[in-house]
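If you want the building blocks of each chain, they are given just below.
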Amino acid sequence: MFTGSLTADLLLGDVHSLKGKRAVVRPILAELRRRYAVAAAEVGDQDLHRRVLLGVATVAGDAGQVTDVLDACERLLAERPEVTLLSTHRQLFSGTD
């Protein structure tokens, strides 16, 4: 069994309040969950209205499948016009770690 996590630092576009931030972040999280069956949440920068730190996690029996899912999630975030992907960090754990 392999577990993978992706942390993505995003800069939001024309957002001026935490309410506006929530309106941008919620659909992104919902799409990640729906399209890729991953766990996704806002994991940092909750008090900043133009920055968001998203965390994504997935589990599979094959390391390649975990990598493919995280690649797809990263592409989805990079392609969203309302956000700018600043950086990502990945971790992969095997069942024997």
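Residues numbered from 1 in each chain as written. Predicted model: local features only at pLDDT ≥ 70, side-chain atom pairs only at ≥ 80, totals over all residues. Heavy atoms only, no water.

J.: Give a detailed account of the pairing of strand β2 (residues 39-44), specifying residues and quantitative values.
T.: Here β2 runs beside strand β3 (residues 51-60); their pairing, made up of 5 bridges, is antiparallel. Bridging across to β3, A40 finds its partner in V56. The hairpin formed by β2 and β3 contains 6 residues between the paired strands, and D45 there has a positive phi angle of roughly 55°. (Pairing = 2+ DSSP bridges. Helix = DSSP H or I, 4+ residues; strand = E, 2+ residues; numbered from the N terminus.)

J.: Tell me about unusual backbone geometry, and name the residues and values.
T.: Despite not being glycine, A37 shows a phi value in the positive range, around 50°. Counting through the fold element by element, A37 comes out in the loop between α1 (18-36) and β2. Of the residues examined, A37 reaches a relative accessible area of 67% and is grouped as exposed. (Buried < 20%, exposed > 50% of the residue type's maximum accessible area, 1.4 Å probe, protein only.)

J.: An account of the packing of α1 against helix α2 (residues 63-79) is needed here, citing residue identities and associated values.
T.: Think of two packed helices as two axes; the pair is described by the angle between the axes and how far apart they sit. Interaxial distance between α1 and α2 falls to 11 Å at its minimum, and their mutual angle equals 145°. Considering how the two elements wind past one another, α1 and α2 form a crossing that is right-handed. Of α2, the residues touching α1 (which contributes I28, E31, L32, R35 and Y36) are V69, A72, C73, L76 and L77. Of the residues assigned to the contact of α1 with α2, the class counts are 8 nonpolar, no polar and 2 charged. (Axes fitted to C-alpha atoms, helices over the stretch in contact; angles between N-to-C directions. Left-handed = near helix turned anticlockwise from the far one by under 90°. Contact = heavy atoms within 4.5 Å. Nonpolar A, V, L, I, M, F, W, Y, C, P; charged D, E, K, R; others polar.)

J.: An account of the environment of L76 is requested, with residue identities and associated values reported.
T.: In this structure, L76 sits in helix α2. Note on L76: relative accessible area 5%, which makes it buried. The spatial distance from the C-alpha of L76 to the C-alpha of G44 is 19 Å, given a sequence separation of 32 residues. Those residues in contact with L76, other than ones at most four positions away along the chain, are E31, L32, R35 and Y36.

J.: I'd like a description of the environment of L6, backed by residues and values.
T.: With respect to the element layout, L6 can be found in strand β1 (residues 2-12). What makes L6 buried here is its relative accessible area of 1%. In this structure, the C-alpha to C-alpha distance between L6 and S94, residues 88 residues apart in sequence, is 15 Å.

J.: Describe the nonpolar core, and please don't skip the residues or the numbers.
T.: One finds L32, L54, V56 and L77 to be the most contacted residues of the largest nonpolar core, which totals 23 residues. Elements with a contribution of two residues or more to this core: β1, α1, β3 and α2. Looking at this core, the element that brings in the most residues is α2, giving 6 residues. Ignoring sequence-local partners within four residues, the contact set of V56 consists of G4, S5, L6, L32, V38, A39, A40, L70 and C73. (Core = buried A, V, L, I, M, F, W, Y, C linked by side-chain atoms within 4.5 Å.)

Nothing here speaks to function; it is geometry throughout.
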